[in-house]
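Structural overview
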Amino acid sequence: MKRKSFIKKAGAAAAGSIILPYILPSGRLFAATPDPKSEYVVYILFAGGVRQQESVLQGYLHTSQDLDSSFAGNIMPNLMAGAQPTKKIAYGTTSAGGTIGDTPIPKILSNPLVNEGVLFKEVRAVNPGHYGGLNSLLTGNASVAQGLKVRPNFPTIFEYARKHLGLKATETWFIGNTIANSYNLLNGSTHPDYGLQYGANFFAPTVTFGSQGRDVLANAKVYHPQEELAPMYKMKNFLDNVFRVKQGEIPSIKNTDEDKNRIKDFVRNTFIKQSAGQIPAPPVTDNGDLVTLSYAAEVLKEFKPKILVVNMTAVDACHGSFSSYLRALHRADHGVGWLWNYIQTQIPEMSGKTTIMLSPECGRNMNPNPIKDENDWLGYDHSDSNTSRVFTMMAGAAMGSTRGTYAENWDINNPGAFTTDNVLTIADIMGFKNMIPSGFVDGNAKSLFDRI
Amino acid sequence: MNMQTLNKLLLLSFLVLALGSCKKEKSVKYEVINQTATDISLNKNKAKNEAQFISILYANLFQNALPINKLIATQNVIQSVGDRSLVYEIILSNYMNTPGTVIPTDETMRADLDKFIIDTYKRFYLRIPSELEKSFFRNYISADPKIKPELVYIAFAASDEYLFY
């Protein structure tokens, strides 16, 4: 071989060996996938419309019920740093003979989560409604044309992760606290390039493992995996293949037969543990959000999913009862603190390798509605510009040594960050940000790591 | 023309018209032509909703209607699980653990396998199986004595075709 020809061929081979690994089966050339910043992400949709004044600004009754500044304080001690209120305590548990909520729930995290990561203090919620807001948190799209009672129009974070990282369905989970308000449709979109075949597994534990679930699911017959289930699946697969020839592919999240058996075992064992009182739970578990978090911990322990999303909604009581809202917000903080502690202490495979992220889907109004609760406190809806004010918190493995509070000088016309940032941020953490097609997420959205 | 003549003419006209309108009734005999009500291939392109699926399944297995309170609870539980086929399989295995299911015995199935296969297709799919389908099940069930009618029923009830009508 001539020297010139040798150099030419060797150069071509070297170039090919560099380029070929990044050509996906679709034929598209992508940038190389960077190393993930963290192996696991737990993403909390927090928690049904949280007013900035009672959360980040720690105003308590001072900024909500027109009382003086001595009534301010932090009712989220596991997430935020700051002294708790000292007057008119109504957000905790009720002591014997005391008034409702007079005892704050003891902190679980000795060091608030904010000290283990970053707080984006002023973030713009792009959609003032619950379903639209949750859509934007999960799709990274403003979801302005999103209808109710239908799956998201744009791909969810689950679909991006499953398609681009090749994850199994059991590696992405969405845990919802209810099946109401179409929340059970948020585990996958209708987008033709992605869709339910890349969607997440979903449980609404208050139903799945509640009294209805116990009636319908707990008495399942146990079949032998090899002698009974394997031939059953062989027959089923034959029937499905025959039907597929005529009908085409049926959209589903596509758990493998093996993973289906694993989930069935999980469901059966969960009912057994439930009967024996062995489901781990936060010290206070007196609302649906906290029950949901306890089952989310079970899912984490069993499946160790790469991405787990939990939705909470109890604070939405704020429309009609400000006191209930305060109690729910304090419990949401308690539950998240417990879950984070559980991951670090009870799931060694995830401890130190997990990043937690949380944002409310929307805020609440500046001015109250006329509805008074048992304490004569006024409720708040979500429709004015104050509804756009929320926060985002990240802590854990991906943060490395990064700490701090960002976007403090936010202006409503010049927001420091957006709720639509979260999808790109998680994609950044998991190492597939560059694979999300342009135009799918909001034009303003950026990974929060690019804003730090 | 006097009145009497006019009356006679009218009477005559009436008789002519009345006689002309009478016709002998034809004898028509209707018969029934036998038609096949089942087919190898039905065009099933509408997905059953949860209520339809669970009502039909329950009636199929228990030969009885599902009480409304159980129907609502089951619908809610189905919606609380992301993988529909998975939750249907768990519900099925619950039904199989509940007394009252109407399922042929293993002896009945193996005594006349072709009949069992055709009956199962009609019961779940409302159609008769193709030769390929009959052949698959005949060979598969014959080759494995551990396959019980219950497993065949679960495979059919959990299959994609059973989700459509």
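Residue numbers restart at each chain and count upward from 1, following the sequence in its written direction. Each chain takes a letter, starting from A, and each ligand takes a number, starting from 1, following the order in which they are written. The predicted origin of the model limits local features to residues at a pLDDT of at least 70 and limits the giving and counting of side-chain atom pairs to 80 or more, whereas totals for whole chains, interfaces and linings rest on all residues. Excluded from the side-chain calculations are hydrogens and water; all other atoms, namely the structure's heavy atoms, are used.

**A word on the domain arrangement of chain B**
Residues and elements named next belong to chain B. Where each domain begins and ends follows an automated or database-derived domain assignment. Taken as a whole, chain B is organised into domain 1 (47-102) and domain 2 (103-165). Averaged C-alpha coordinates put domain 1 and domain 2 at centres separated by 20 Å. When checking whether two residues touch, look at their non-hydrogen atoms; a contact exists if any pair is within 4.5 Å. Listed by partner, the interface residues are 15 residues for domain 1 and 13 residues for domain 2. With both chains or domains summed, domain 1 and domain 2 bury close to 1,300 Å², and 62% of this area falls on carbon and sulfur atoms. Together, Lys 48, Asn 60 and Met 96 form the three largest contributors to the area buried by domain 1 at its contact with domain 2, with a combined 38%. Salt bridges, as used here, are contacts in which a Lys or Arg side-chain nitrogen is within 4 Å of a carboxyl oxygen on Asp or Glu. Joining domain 1 to domain 2, the criterion identifies zero salt bridges. The term buried area refers to how much accessible surface (probe radius 1.4 Å) is lost by two components on association, counted for both of them together.

**A look at a nonpolar patch on the surface**
Judged by side-chain polarity, B:Met3, B:Leu6 and B:Leu10 come together as a nonpolar surface patch covering roughly 310 Å² of accessible area. Its location among the elements puts B:Leu10 in helix α1 (residues 3-21). Grouping into patches uses exposed residues only, defined as over 30% relative accessible area, and leaves out salt-bridged ones; the cut-off is 9 Å for like charges and 5 Å for nonpolar side chains (Val, Leu, Ile, Met, Phe, Trp, Tyr). Per-residue and other accessible areas were derived by the Shrake-Rupley procedure at a 1.4 Å probe size, with only the shown protein chains allowed to occlude residues. Helix and strand assignments follow DSSP, with helices taken as H or I runs no shorter than four residues and strands as E runs no shorter than two, numbered in order from the N terminus.

**Topic: the side chain of A:Asn201**
Note on placement: A:Asn201 falls in strand β4 (residues 201-203). Throughout, exposure labels follow a simple rule: accessible area from a 1.4 Å probe, protein chains only, divided by the maximum for the residue type, with under 20% read as buried, over 50% as exposed, and the rest as partly exposed. The class of A:Asn201 is buried, set by a relative accessible area of 2%. Looking at A:Asn201, its side chain comes within polar contact range of the main-chain oxygen of A:Ala169, at 3.2 Å. A polar contact of 2.9 Å, which involves the side chain of A:Asn201, links it to the side chain of A:Asn255. Setting aside its immediate chain neighbours within four residues, A:Asn201 contacts A:Ala169, A:Thr170, A:Thr172, A:Trp173, A:Phe174, A:Ile253, A:Asn255, A:Ile263 and B:Asp83. Two N or O atoms form a polar contact when they lie within 3.5 Å of each other; inside protein one atom must be a possible hydrogen donor and the other a possible acceptor, and for residues adjacent in sequence the pair counts only when both atoms belong to side chains.

**Some thoughts on the packing of aromatic side chains**
The aromatic pairing rule takes the rings of Phe, Tyr and Trp, using the six-membered ring of Trp, and pairs them if the centres are within 6.5 Å, calling planes under 30 degrees apart stacked, those over 60 edge-to-face and the rest tilted. The full count for this structure, using the stated rule, is 39 aromatic pairs over all chains. The interplanar angle of 85° and the centroid separation of 5.4 Å between the aromatic rings of A:Tyr60 and A:Tyr91 together place this pair among those described as edge-to-face. Taken together, the positions of A:Tyr60 in the loop between β1 (40-45) and β2 (117-124) and A:Tyr91 in the loop between β1 and β2 put the pair 31 residues apart, joining distant regions of the chain. Like A:Tyr60, the residue A:Tyr91 is buried in the burial classification. Measuring from centroid to centroid gives 5.0 Å for B:Tyr125 and B:Phe156, while their planes differ by 45°, and the two rings are tilted. Residue B:Tyr125 is found in helix α6 (residues 113-125), and its partner B:Phe156 is found in helix α8 (residues 149-157); the two are separated by 31 residues along the sequence. On the accessibility criterion, B:Phe156 (1% relative accessible area) is buried. Positioned above the aromatic ring of A:Tyr194 is the side chain of A:Lys163, whose terminal nitrogen or guanidinium carbon lies 4.6 Å from the ring centre. Whether a charge sits over a ring comes down to the Lys NZ or Arg CZ being within 6 Å of the ring centre and within 35 degrees of the ring normal. The residue whose ring lies beneath A:Lys306 is A:Tyr40, and the NZ or CZ to ring-centre distance is 5.1 Å.

**Comments concerning the environment of A:Arg389**
All names here are of chain A. Along the chain, the position of Arg 389 falls in strand β7 (residues 389-396). Arg 389 sits 155 residues away from Lys 234 along the chain, and the two C-alpha atoms are 53 Å apart. Engagement of the side chain of Arg 389 in a polar contact is seen with the side chain of Glu 122, the distance being 2.5 Å.

**Let's talk about the confidence of the model for chain A**
Averaged over all residues, the pLDDT of chain A is 91; the fraction at 70 or higher stands at 91%. Values of pLDDT, which run from 0 to 100, indicate the predictor's confidence residue by residue. Overall, residues 13-32 of chain A carries pLDDT values under 50, and its contacts beyond four positions in sequence, including any with other chains, amount to 14 contacts.

**Focus on the nonpolar core**
Side-chain atoms within 4.5 Å are what join buried Ala, Val, Leu, Ile, Met, Phe, Trp, Tyr and Cys residues into a set we call a nonpolar core. Residues A:Ile44, A:Phe46, A:Phe203 and B:Phe137 are the most contacted members of the largest nonpolar core, which totals 170 residues. Considering every element that reaches this core, the biggest residue donor is helix α9 (residues 322-346) of chain A, with twelve residues. With residues near it in sequence (within four places) discarded, A:Phe203 still touches A:Trp173, A:Phe174, A:Ile175, A:Gly176, A:Thr208, A:Phe209, A:Ile263, A:Phe266, A:Val267, A:Val299, B:Ser80 and B:Val81.

**Quick word on the pattern of salt bridges**
Pairing is possible between side chains of opposite charge, provided their charged atoms come close. Scanning the entire structure with this criterion turns up 26 salt bridges over all chains. The partner of A:Arg268 in a salt bridge is A:Asp265, with the nearest N and O atoms 2.4 Å apart. One end of the pair, A:Arg268, and the other, A:Asp265, are both in helix α7 (residues 257-275), three residues apart, so they sit about a helical turn from each other. Taking the relative accessible area as the measure of exposure, A:Arg268 reaches 24% and is therefore partly exposed. Because the salt bridges share partners, they merge into one network encompassing B:Lys44, B:Arg127, B:Glu133 and B:Glu161.

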